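Descriptive analysis of the structure
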Amino acid sequence: MKILEKYILRENLKPFIVSLLVITFVLLLDHLIDLLNIIIEKRLNGMTIVQILVYSLPFLMAMSVPMSVLTASIMSFGRLSVDNEVTAFKSCGINVYTLLRPTVISAILLSIFMVYFNNQILPDSNYNLKRLRDKIITRKPISALKPGVFTEMERYTIYVKSHDDKYMRGIVIYDRSEGVLPQVITAEYGEINLFNGGNSLKAILYNGEMRHTDRQHKNLAQVRTFKKFTLNLPDLGFSDQSQSSTFRGDRELSSAAMREKIVHKKEQMGKYVKKLSRIINEHNTLANKENLTTEEKREQKKLSREMRTTKSRISDFQRGIKIYQVEIHKKYAIAFACLVFVLVGAPIGMMTRTSGVGMAFSVSSVVFLIYYISLYMGEELADRGYVPPWIAMWIANILLGVVGIFLIIFTVKESRFIDLNKYIMKVVNIFKRKKHAA
């Protein structure tokens, strides 16, 4: 029996690795296309692009691993069915449950690993990616200065009339660091470069002048001309912003950290609930009184405003708690999708009798799309408070798991399998006949 288990695992491992590489690469390529605008506009160097891709990889793998499990299950069990190995196993007294056992156990172990992955590795990579993107967005790459546009950079404003591959021309730099009246530096042409992570600037300017207005005598200005002038701006004010950002969103926290946030929010919400109870009692006391004085009427209006504000704060806390609860369940639901997709993919592979890569990717894409849409819709409904977070995140797993178990039972009881390729060819032939008839 151990030989059989190793054989089944080996048949699943090969397509799983291939599927993981292909699916991750496709998702990474799609992610890179989305980043092309930033890469071109900000003129990012190769190291920064590599960092973005490395930090994006865990997020992509959180989705590609379950999808690869589904694809591998369809391909491996489809091949066993096409080669009549499943029939041979049945004739030897080995049922489908025995064939599925090593794959299911492996899927459970993989799901446990993905729980660790989604709670420890993924949040840190999301956080580092956010910091890197913030740093890229806030920095102003001089090499990407647009001609005819004033670019604000902390205490400096830079204008370039035009630029070619080598020089920028018609350069104007306003230095506002010394007060209200700026120092103006103009140059016929020059080179402007960034270093120190985009926080420092070095400009080599040619054929220009520096004009400095006297703060006490605004009508007087000092003008100096130069043939070559080097300007160093060591601090553009961008480096500390990204480094000091320590705030983490829900997707940048582990489940344990989010549970701590939930406890804290519940404690804060409890204070507002007590406050609301006190305000309602005071408001009802005044409402039951007759012939209120002017002061009491003002107090009643004040209590009404406080009641609305307090209710709004309580709603904000409830919404924040739901968001964290949804993300916690989401981490576990996506991890255990590996197990669910084995239960769905294995019988689909045996029933459709297909071992082709294209067919396996097509079927798995449809199943995963249904799963992802259900997950997305559930997240939206839970965030708005329409359904409990655990139902919203686990309903797709539950439904697909039930479907998978039903398909496995059907596969065990039925001796014949569904040849999906045969039905596809029938559909293709129908379209061909209609085309020839037209």
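So, here's what we can say about the structure. (Residues numbered from 1 in each chain as written. Predicted model: local features only at pLDDT ≥ 70, side-chain atom pairs only at ≥ 80, totals over all residues. Heavy atoms only, no water.)

Each helix and strand in the protein was counted, giving 11 helices and six strands. Summarising the internal contacts of the protein: among those between residues at least 6 apart in sequence, 70% fall at separations of at least 24. On the protein, roughly 25,200 Å² of surface is accessible, and the fraction owed to carbon and sulfur atoms is 60%. (Helix = DSSP H or I, 4+ residues; strand = E, 2+ residues; numbered from the N terminus. Contact = heavy atoms within 4.5 Å. Areas by Shrake-Rupley, 256 points an atom, 1.4 Å probe, with all protein chains shown as cover.)

This model, assessed by the stated rule, comprises 10 aromatic pairs. Plain terms: the ring middles of Phe336 and Trp394 are 6.4 Å apart, the flat faces sit at 40 degrees to each other, and that makes the pair tilted. With Phe336 in the loop between helix 7 (294–335) and helix 8 (337–352) and Trp394 in helix 10 (residues 389–413), the pair connects residues that are 58 residues apart, well separated along the chain. Residue class for Phe336 comes out partly exposed when judged on its relative accessible area of 26%. Residue classification places Trp394 among the partly exposed positions, given a relative accessible area of 22%. Through a chain of ring-to-ring contacts, three or more aromatic side chains come together here, namely Tyr167, Tyr189 and Tyr206. The positively charged end of Arg248 is found above the aromatic ring belonging to Tyr127, 4.0 Å away from the centroid. (Phe/Tyr/Trp six-rings, centres within 6.5 Å; stacked < 30°, edge-to-face > 60°. Buried < 20%, exposed > 50% of the residue type's maximum accessible area, 1.4 Å probe, protein only. Lys NZ or Arg CZ within 6 Å of the ring centre and 35° of its normal.)

Before going further, it helps to examine the environment of Tyr376. Structurally, the position occupied by Tyr376 is in helix 9 (residues 357–383). By relative accessible area, Tyr376 is classed as partly exposed at 47%. Sequence separation of Tyr376 and Met393 is 17 residues, and the distance between their C-alpha atoms is 8.7 Å.

Next up on the list: the pattern of salt bridges. Tallying each qualifying case throughout the model produces 12 salt bridges. Among the ionic pairs, Glu252 bridges to Lys130, the shortest N-O distance being 3.4 Å. In this pair, Glu252 is assigned in the loop between helix 5 (239–243) and helix 6 (255–288) and Lys130 in helix 4 (residues 96–138), connecting sequence segments 122 residues apart. Put simply, Arg319 and Asp316 hold a salt bridge, and the shortest N to O gap is 2.9 Å. Here the residue Arg319 and the residue Asp316 both occupy positions in helix 7, the gap between them amounting to three residues, near one helical turn. Several salt bridges converge on common partners, so that one network encompasses Glu11, Arg79 and Glu85. (Salt bridge = Lys/Arg side-chain N within 4 Å of Asp/Glu carboxyl O.)

Here helix 2 (residues 46–82) contains 37 residues, and its C-alpha end-to-end distance of 46 Å is more than 12% below the 54 Å for a straight helix at 1.5 Å per residue. The largest bend along helix 2 measures about 35 degrees and falls at Leu60. Asn84 sits one or two residues past helix 2 and shows a positive phi near 60 degrees. (Expected span 1.5 Å × (residues − 1). Bend = angle between axes of the 7 residues up to and from the residue.)

This part takes up the nonpolar core. By size, the foremost hydrophobic cluster in this structure holds 59 residues, and its most contacted members are Phe77, Leu99, Leu100, Phe341, Ile348, Val367 and Tyr371. Every element with two or more residues in this core is listed here: helix 1 (2–42), helix 2, helix 3 (85–91), helix 4, helix 7, helix 8, helix 9 and helix 10. Per-element tally for this core: the top contributor is helix 8, with 12 residues. Non-local contacts of Phe341, meaning those with residues more than four positions away in its chain, are made with Pro66, Met67, Val69, Leu70, Ser73, Ala346, Val367, Phe368, Tyr371 and Leu400. Among the nonpolar cores identified, the runner-up in size contains 16 residues, and Ile173, Ala203, Phe226 and Leu231 belong to it. (Core = buried A, V, L, I, M, F, W, Y, C linked by side-chain atoms within 4.5 Å.)

Moving on: unusual backbone geometry. Backbone geometry at Asn207 places phi at a positive 55 degrees, although glycine is not the residue there. Turning to its location among the elements, Asn207 is positioned in strand 5 (residues 200–213).

For helix 10, which comprises 25 residues, the first-to-last C-alpha distance of 37 Å matches the rise-based estimate of 36 Å (1.5 Å per residue) to within 8%. Ile395 marks where helix 10 bends most, by close to 45 degrees. If you check which residues of helix 10 are buried, you get Pro389, Ala392, Met393, Ala396, Asn397, Leu400, Gly401, Gly404, Leu407, Ile408 and Thr411.

Their axes nearest at 7 Å, the elements helix 2 and helix 8 cross at an angle of 25 degrees. Classified by the angle between their axes, helix 2 and helix 8 sit roughly parallel to one another. By crossing handedness, the relation of helix 2 to helix 8 is classed as right-handed. Of the residues in helix 8, those in contact with Val65, Pro66, Met67, Val69, Leu70, Ser73, Ile74, Phe77, Gly78 and Ser81 of helix 2 are Ala337, Cys338, Phe341, Val342, Gly345, Ala346, Ile348, Gly349 and Met350. Considered class by class, the residues forming the contact of helix 2 with helix 8 number 14 nonpolar, five polar and no charged. (Axes fitted to C-alpha atoms, helices over the stretch in contact; angles between N-to-C directions. Parallel < 35°, antiparallel > 145°, perpendicular 65-115°, else oblique. Left-handed = near helix turned anticlockwise from the far one by under 90°. Nonpolar A, V, L, I, M, F, W, Y, C, P; charged D, E, K, R; others polar.)

Moving on, we come to the side chain of Lys331. Its place among the elements puts Lys331 in helix 7. In this structure, Lys331 is buried with no salt-bridge partner, the nearest side chain bearing the opposite charge being Glu327 at 4.3 Å. Contact partners of Lys331, with chain neighbours within four places excluded, come to Asn118, Asn119, Pro123, Leu253, Ser255 and Met258. (Lys, Arg positive; Asp, Glu negative; His and termini not counted.)

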